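# Descriptive analysis of the structure
Listed below are the residues making up each chain.
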Amino acid sequence: MSEMSAMNRKLIQTLAETISKQVQHFNKTEVECLIREFNVLLGEQTTPGKAVAGLDRIQFRSILHNIFKMTDDMIMDGVFRAFDKDNDCFISMKEWIEGLSVFLRGTLDEHIKYCFDVYDLNGDNSLSREEMFPMLKNSLIRQPTEEDPDEGIKDLVEITLKKMDHDHDGKLSFTDFEKSVKEENLLLEAFGTCLPDTTSIEAFEQRVFQEQQYQ
Amino acid sequence: MGLSLTRAAQWTTDTSGTGKLELTPMNVFLLKEILHFVEQFSSQHPQEAKNVFEEPLHWSTTLVASDFKTDYDISDSDVQSQERDCEGNPLLQLSPPTVYVRSFSQLSKLVHLADDKKLEEVQACLEENRDPVVKILGPSFVSTLEKEDAHTDVLSLVDKVKEKDQGKNPEVKVKLFLLLQNMDNQLLSKCLKEIAGQVSLDPTAVKNEVELLKKFCSEGEKRVLKLVRYTSDYIFSNGCRSPLWRQVHGEICYLVIEPCDTETLYITCSSAGVFLNVGIKQEEEESGYERTSDMYKDLVTLLKSRSPHFAENINKQDFAVQELPSTQKIQHVELVDVEEQGQPQRSYEQQEKNVHEKARQQHTPNKAGGEKKYEPCPRWKNLGLMSPCGKAEENKPSKSSGEEKSGEIQENLGPGAKSKMKAEFSVSSFPGRLSSQKIKAEEKKPSKSSGEKSGEIQKRKLGSGAKSKMKAEFSVSSLPGRLSSQKIKTPAGSMPVEAFSESSSESEEEEEQPERRPESNTDLPSEYWQIQKLVKYLKGGDQTATVLTLCAMMDFNLMQETCQLAIRDVGGLEVLINLLDTDEVKCKIGSLKILRKISHNVQIRRTIVDMGGLQSIVKILDSPVKDLKALAAKTIANVARFRRARTTVRQYGGIKKLVKLLDCVPNLADLTANQEKDVEVARCGALALWSCSKSTKNKEAIRKAGGIPLLGRLLKSPHENMLIPVVGTLQECASEESYRIAIQMFGMIKDLVKNLSSDNDELQMHCASAIFKCAEDKQTRDLVRKYGGLQPLVLLLSKSDNKQLLAAATGAIWKCSISMENVAKFQEYKALETLVRLLSDQPEEVLVNVVGALGEFALIPANKANIRKCGGIKSLVNLLTGTNQALLVNVTKAVGACATDMDNMAIIDQLDGVRLVWSLLKNPSADVQSSAAWALCPCIKNAKDAGEMVRSLVGGLELIVNLLKSTNNEVLASICAAIAKIAKDKENLAVLTDHGVVPLLAKLTNTTDDRLRRHLAEAIGHCCMWGSNRASIGDAGAVAPLVRYLKSKDKAVHQSTAMALYQLSKNPNNCIAMHEKGVVKPLIHFMGSDDETLQEAAAGCVRNIRLLALANRNALLFR
């Protein structure tokens, strides 16, 4: 067993070395820690003897929910999509580390790209009214007095478009989105919280990176 | 008819006894109904119509004999009907202008005859017959009937009447009575429909009811409820306690009520009624708002249905011992029988309420179940028991009147009470508690009202106008979210509509109501509606929607007043402030970004503070998020522009937190992004401190929080945007001695001087201003010179278009020039010439400083000539005609300094400057008086023909002598100095003596002020030279105090005193007095002084004493 773990450790170290060269924001040790964390998470879901490509959607969602306090299903799916770059419905180790590098430590530009990907439900590189509507659907309290309960949401979508659609084509392109966020940083998570808050980042990093130091 | 007339009809305030019906829609409506009733009467009820009235109805009619046709006997202008009663009297009799009518049939005929004037006739009839029913049926009959239970059937009524009244046709009378009452009820219910639209619950009504209920849980035995409490203590400006997002649903507040017998009730009070909810125990709970019961119209109804114990006991409650809340004054209300009291007048408001109440009771199903005992409502008891008289009345069996089911209020006002017609009445009664009470209000014994107050208060004279006004108020207050800050303090004032609400009504003194201008919707800009919509989303949105909405709101021009006020008026400020207390960083950032901008508006600032927003903002200063801290500080910088806000910041520990923000490393060459943010936070902190530092206590707080060294560190920053708030704060605080010392000690003068050469005007201004304030201290002045600050100050004088900068720079130059070394430096930089040029066309704040500087410059002889050469004398003399006291003090000082030069004096004399200075002695300011008097001294000394000049000033000497009565030592000293100069001219001395200068001077001699002593002694010395002044000074007892002056430590005092004593010693009596006081010893000591004048005077004095002694001895020897 110890032989196995020794071999494992060596393997992980080499892997970490290669990945850390490709990924920003994490150093080698941190990558190593993330690999271990990944393996632990993966270990929970694997049935022995069965090779797995990575974290599946449900597993990933539970991570987002438990560790990063996310609640909105649609947004969590979006986050999964943003992590899952090759669209194979699994998050591989590499995707995991790359994703986390933006998720935890991304610059504003990286965050803009990431958020846009999360919100871009159909992957056509633009946000249409139809995509915004479901994301904002639950953001207003329904007033029993109103005739059309969706009217407020629709209005909110229009307000948002008016504010962010700089080329006036009725949808938000990535350029529109980027420009708006640069103007007003608050619009980064315009359609729902998809980035962790500072406290959960700190908690996660502390747990994952410090835990590893004891080993 | 009786009730509707007494309660529904709107009578005028006419107090002569014959009230007039006003021409209000309600009255016209009533009149028409009554007219219709009368017209139909004889055809519908022929039998009753023939019944002869007990007393005729009589009134002044407009009808004349010619209007009457057949069936009438007409003789001249008199008319009698052919129809007669059994005794042969005519049933209608007209003797102009009065008409007497004795039956309904005649009444309806008359109405037919009156044709188009019939409405007026009915009105006149009602006005002059205030209780027609009593006249028609007779008082005893009515009272008999009214005592009967409403549900007694007709036959038993008839029996009763027969017993009492052995008159004729009791059946007819009873029928007639019932008919009239029926009519009455119909009228009332119709009236009600007019008002009915305005009924709903409101915060004050709820509050009042809760107050009442709270009293029910007070005592042991009588306890009806265990506990009544609100879930939240916070009351919004509109009187609601529910969270904003629930207020949208019309919910007012939530209550937790523990009845004695059932489980705890969680109750929601909304504008539509009260109902049980799932269970809101505390504020901030997300769930529990659903309705789980029927809607009840008020709390009491709900409790009755839920708690049998409550229903049972509420009726038995005796409230006599309960203390009533002191918040409301109410006229004392006692129970009074109307028949006994005659016809009191009524205020229309009450009547309307009564109508309403009665109608309500008729129309609401009796919820109290089968209980149909008609007894006074407990609240009436409550009020009634306040006086023994009322209590007695109350104990009588109350009279119930047929089908009448309502309390009735009448208001009887003593003559003195009319002016204070602000009656407040509780009209409300519990459902099922039907009483027919007549209640009289006594103005003279104002009692405290029970929790619920009712009755709209309005002055009686508000007639028909009152109603329309009330309607106007309704329209305003019923607009949700429109309760703007004006109304914050009087939430109770905003509910006229609901004043007619079912359970209890609210009254409020009209004078106390803030003026409300009905806003006409047409004037509102489109932004208003857009913002209103956004605020709605803010109220009902989650984090995402809130952030989006906030961003959208930022796109409005928030610096524009319409938008700022729109946000406030639609309730947006409350939401924004509420957001500050959430955990959502983004929402807080967004909210602060908006608040920061709209707080440029004065009214918004005040509203934010009123709403307690500043506390939340101060709290955010502790946030770990730097952007948030920076924004919060910036917002404070805007809000804390008035004193109350600054105090609030301090009281909530804001100063300490802001000072903490200053802690950063500003001067590193390359900062990390994080450090840069720290610097930005520090800058915002400095901005906020700058605003706060305008209050003295805050300056102290900043110092105590250790702000000065931090500011000193930031002062080394290379960035102007950092330096401006830092220097701004420092210069603001430099008004305090402690800061001036600290600024000098922490080496900030160097940095201040350095920044004088910045190219930012504002920064330069604040630096100059800081130096201005600090340079009171000599060391600071020297430091400024040492760091080369004098030249940049002079250079700033060229920026003559920036007046603030100019004022600060000239101020700094003035204070720096107090040091002579600095004046020499300034001379190198040609400051004097520049300053003289600034003497014209500058605002006063600049002039004060320029003239002050010139005054200091002129102390150097060379500069006196320079000022003259630059033409400064003329400008200075011109300034003597100003009114600014600070300026006058400096100008007189400068003129005085210039006048020490003979050539300057010639010019001053030529310009009549002395007269101008002299007239300033009349200035009320002591500073100006003394400064002018000091200036006079060199003028008189150096003027060519001084004596003549002084004499030419009519009344001038008298003025000066009178100023010796001043209480200000500086004024007295300066005046004494001037008198000493004036007295050198013998003629003038004579005039001074005539004006009684001697006793006034003598009276002053007891002073201990050395400065005054010196000049006083000088003046006395000079005044001795005339007539018998020496003797009179001695007689006034001035010698002994003068001798004491010799013990003073001030050499100048010694000199002038010695000279005065020398003059006085020429009088033998004075010599004796001096000698007695032991003058010789100090004088001999002074003879050894270096000061020749002193030596001479002391020696002269001793000589005079010695001569007297010698003469005395010779006299004894050679007698």
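Structure first, text after, so check above.
Residues numbered from 1 in each chain as written. Chains lettered and ligands numbered in written order. Predicted model: local features only at pLDDT ≥ 70, side-chain atom pairs only at ≥ 80, totals over all residues. Heavy atoms only, no water.

## Concerning the sheet that holds strand E8 (residues 265-270) of chain B
Residue and element names in this part refer to chain B. Strand order in this open sheet of four strands is E6-E7-E8-E9, and the pairing throughout is antiparallel. The open sheet has two edge strands with one neighbour each: strand E6 (225-230) and strand E9 (273-276). Taken pair by pair, the neighbouring strands of this sheet meet at an average axis angle of 25°, ignoring direction. Pairing of strand E7 (residues 251-259) with E8 involves six bridges; the strand directions are antiparallel. Bridge pairing links Glu251 to Ser270 in E8. Contacting E6, E7 and E8, helix H10 (residues 203-216) runs over the sheet at an angle of about 150° to E6. (Pairing = 2+ DSSP bridges. Helix = DSSP H or I, 4+ residues; strand = E, 2+ residues; numbered from the N terminus. Axes fitted to C-alpha atoms, helices over the stretch in contact; angles between N-to-C directions. Contact = heavy atoms within 4.5 Å.)

## A look at the nonpolar core
Val79(A), Trp96(A), Phe103(A), Tyr114(A), Ile636(B) and Trp918(B) are the most contacted members of the largest nonpolar core, which has 288 residues in total. Aside from chain neighbours lying at most four places away, what touches Val79(A) is Phe60(A), Leu64(A), Met70(A), Phe103(A), Tyr114(A), Val118(A) and Cys194(A). Counting residues in each nonpolar core, the second largest holds 39 residues, with Val38(B), Ala49(B), Trp59(B) and Leu94(B) among its members. (Core = buried A, V, L, I, M, F, W, Y, C linked by side-chain atoms within 4.5 Å. Buried < 20%, exposed > 50% of the residue type's maximum accessible area, 1.4 Å probe, protein only.)

## Looking at the sheet that holds strand E3 (residues 78-81) of chain B
Strand pairing in a sheet takes place through backbone hydrogen bonds and is either antiparallel or parallel in direction. Residues and elements named next belong to chain B. Strand order in this open sheet of five strands is E1-E5-E4-E3-E2, and the pairing throughout is antiparallel. Strands with a single pairing partner mark the edges of an open sheet, and in this sheet they are strand E1 (52-60) and strand E2 (72-75). Adjacent strand axes in the sheet meet at a mean angle of 10°, parallel and antiparallel pairs treated alike. Of the pairings in the sheet, the one linking E3 to strand E4 (residues 92-95) comprises two bridges and is antiparallel in character. Within the sheet, the bridge partner assigned to Gln80 lies in E4 and is Gln93. Helix-sheet contacts for helix H4 (residues 104-114) involve E1, E2, E3, E4 and strand E5 (98-103), and the interaxial angle to E5 is about 135°.

## Overview of the environment of Val1102(B)
All names here are of chain B. Turning to its location among the elements, Val1102 is positioned in helix H59 (residues 1092-1117). For Val1102, a relative accessible area of 15% gives the class buried. On a C-alpha basis, the gap between Val1102 and Tyr1062 in space is 8.0 Å, while along the polypeptide they are 40 residues apart. Leaving out residues up to four positions away in the same chain, Val1102 has contacts with Leu1083 and Met1087.

## Description of the packing of helix H57 (residues 1068-1076) of chain B against H59(B)
Each packed pair of helices is defined by two parameters, the angle between the axes and the distance between the axes. Residues and elements named next belong to chain B. Two elements in contact, H57 and H59, have axes whose closest approach is 10 Å; the angle formed by their N-to-C orientations is 105°. On the basis of their axis angle, the class for H57 and H59 is roughly perpendicular. Side by side, H57 and H59 meet where Pro1068, Cys1071, Ile1072, Met1074 and His1075 of the first sit next to Cys1101, Asn1104, Ile1105 and Leu1108 of the second. Each residue belonging to the contact of H57 with H59 can be placed in one class, and the counts come to seven nonpolar, two polar and no charged. (Parallel < 35°, antiparallel > 145°, perpendicular 65-115°, else oblique. Nonpolar A, V, L, I, M, F, W, Y, C, P; charged D, E, K, R; others polar.)

## So, the interface of chain B and chain A
Each side of the interface is counted separately: chain B has 24 residues, and chain A has 25 residues. The largest per-residue losses of area from chain B upon contact with chain A belong to Tyr537(B), Leu548(B) and Lys586(B), which jointly make up 30% of the total buried on that side. Counting across the chain B and chain A interface gives four salt bridges. Of the charged contacts, one joins Lys163(A) and Asp555(B) as a salt bridge, the two residues approaching to 2.7 Å between their closest N and O atoms. Summed over the shared surface of chain B and chain A, the result is eight residue pairs in polar contact (both at pLDDT 80 or more). Those elements giving two or more residues to the side of chain B that touches chain A turn out to be helix H19 (526-540), helix H20 (543-554) and helix H23 (585-598) of chain B. The greatest single-element share of the side of chain B that touches chain A, amounting to nine residues, is contributed by H20(B). Class assignment for the residues of the side of chain B that touches chain A results in 11 nonpolar, seven polar and six charged. (Buried area = accessible area lost by both parts, 1.4 Å probe. Salt bridge = Lys/Arg side-chain N within 4 Å of Asp/Glu carboxyl O. Polar contact = N/O pair within 3.5 Å; in protein donor to acceptor, adjacent residues only side chain to side chain.)

## Examining the pairing of E5(B)
Residue and element names in this part refer to chain B. Taken together, the five bridges between E1 and E5 define a ladder with antiparallel strand orientation. Along E5, the bridge assignment pairs Trp59 with Val99. The pairing of E4 with E5 spans four bridges and is antiparallel. From the neighbouring strand, Ser95 faces E5, where its bridge partner is Thr98. Between E4 and E5, which follow one another and run antiparallel, lie two residues.

## Thoughts on the pattern of salt bridges
Scanning the model with the defined rule gives 42 salt bridges over all chains in all. Close ionic contact of Glu37(A) with Arg207(A) constitutes a salt bridge, the shortest N to O distance being 3.1 Å. One end of the pair, Glu37(A), is in helix H2 (residues 28-45); the other, Arg207(A), is in helix H10 (residues 198-213), with 170 residues separating them in the sequence. Residue classification places Glu37(A) among the buried positions, given a relative accessible area of 6%. Between Glu856(B) and Lys893(B) there is a salt bridge, with the nearest N and O atoms lying 3.4 Å from each other. Taken together, the positions of Glu856(B) in helix H41 (residues 844-857) and Lys893(B) in helix H44 (residues 885-899) put the pair 37 residues apart, joining distant regions of the chain. With a relative accessible area of 47%, Lys893(B) lands in the partly exposed category. A cluster of three or more residues bridged by salt bridges with shared partners is formed by Arg57(A), Arg61(A), Asp73(A) and Asp77(A).

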